[in-house]
Amino acid sequence: MDDDVDILELTAHALSTRGFAVRGVSSGTEAVDVVRREQGHVDLLVADLSLPGDTSRYTQTIAAEFPGVKIVYATGIPRHIALSTGLVPANAPYLQKPVDSDLMANVLRGELAKT
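What you are looking at is a predicted structure, and each value in this text was computed from that prediction instead of being measured. (Residues numbered from 1 in each chain as written. Predicted model: local features only at pLDDT ≥ 70, side-chain atom pairs only at ≥ 80, totals over all residues. Heavy atoms only, no water.)

Concerning a negative patch on the surface
A contiguous patch of negative charge, built from Asp3, Asp4, Asp6 and Glu9, is present on the exposed surface. Among the structural elements, Asp3 can be located in the segment before helix H1 (5-16). (Patch = residues over 30% accessible without salt bridge, like charges linked within 9 Å, V, L, I, M, F, W, Y side chains within 5 Å. Areas by Shrake-Rupley, 256 points an atom, 1.4 Å probe, with all protein chains shown as cover. Salt bridge = Lys/Arg side-chain N within 4 Å of Asp/Glu carboxyl O. Lys, Arg positive; Asp, Glu negative; His and termini not counted. Charge placed at Lys NZ, Arg CZ, Asp CG, Glu CD. Helix = DSSP H or I, 4+ residues; strand = E, 2+ residues; numbered from the N terminus.)

Right, here's the structure in full:
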């Protein structure tokens, strides 16, 4: 998920070529809508915190309504700032952008392997 269309397309392509079924969205509202519409078919959300509007509400909504959906944060906001401002839980998987596609794929696979 990213509000920059070029980065969104590049990331979606990189992950799809690594075996992931990807649905790219560019807003938190759209992410919530997709997870609600495709209940049971979304396993993981790659969340950007640098979106216009409320940057964390959509992840909180998805976590509350769909606790089985794993959330990995991939953002340009430094982790210590995201933690100190309460944007992410302390134990959340967190990738600082720019993120290497292989690293992201490995983190996603690791999260999906957890029960």
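Focus: empty space enclosed by the protein
Inspection of every chain in the model, using the stated rule, returns 1 cavity of 30 Å³ or more. The computed volume of the largest cavity comes to approximately 60 Å³. In terms of lining residues, the largest cavity is bounded by Met1, Asp2, Ile7, Leu8, Thr11, Val46, Ala74, Lys97 and Met104. Per-element accounting of the lining of the largest cavity gives the leading share, 3 residues, to H1. (1 Å grid on protein atoms, 1.4 Å probe; cavity = no way out; pocket = protein on both sides within 12 Å on 5 of 7 lines; lining within 4 Å. Points joined across faces, edges and corners; volume = space filled by probe spheres on them.)

Thoughts on the pattern of salt bridges
Within the structure shown, the criterion is met by 5 salt bridges. Note that Arg36 and Glu65 form a salt bridge whose closest N and O atoms lie 2.6 Å from each other. Of this pair, Arg36 sits in helix H2 (residues 28-37) while Glu65 sits in helix H3 (residues 57-65), and the two are 29 residues apart along the sequence. Accessibility expressed as a relative area gives 38% for Glu65, which makes it partly exposed. Notably, a salt bridge pairs Glu111 with Lys114, separated by 2.8 Å at the nearest N-O pair. Taking the relative accessible area as the measure of exposure, Glu111 reaches 12% and is therefore buried. (Buried < 20%, exposed > 50% of the residue type's maximum accessible area, 1.4 Å probe, protein only.)

Some remarks on the side chain of Asp48
Structurally, the position occupied by Asp48 is in the loop between strand E1 (44-47) and H3. Of the polar contacts made by the side chain of Asp48, one reaches the backbone nitrogen of Ser50; its length is 2.9 Å. Only 3.1 Å separates the side chain of Asp48 from the side chain of Lys97, close enough to count as a polar contact. (Polar contact = N/O pair within 3.5 Å; in protein donor to acceptor, adjacent residues only side chain to side chain.)

Details of the packing of H1 against helix H5 (residues 101-113)
Relative placement of two packed helices is described by the angle separating their axes and the distance separating the axes. Remark: H1 packs on H5, axes separated minimally by 10 Å, with the N-to-C direction vectors making an angle of 65°. Classified by chirality, the crossing of H5 by H1 is right-handed. For the pair formed by H1 and H5, the contact residues are Thr11, Ala14 and Leu15 on the first element and Ser101, Met104, Ala105 and Leu108 on the second. Its residues assigned to classes, the contact of H1 with H5 comprises 5 nonpolar, 2 polar and no charged. (Axes fitted to C-alpha atoms, helices over the stretch in contact; angles between N-to-C directions. Left-handed = near helix turned anticlockwise from the far one by under 90°. Contact = heavy atoms within 4.5 Å. Nonpolar A, V, L, I, M, F, W, Y, C, P; charged D, E, K, R; others polar.)

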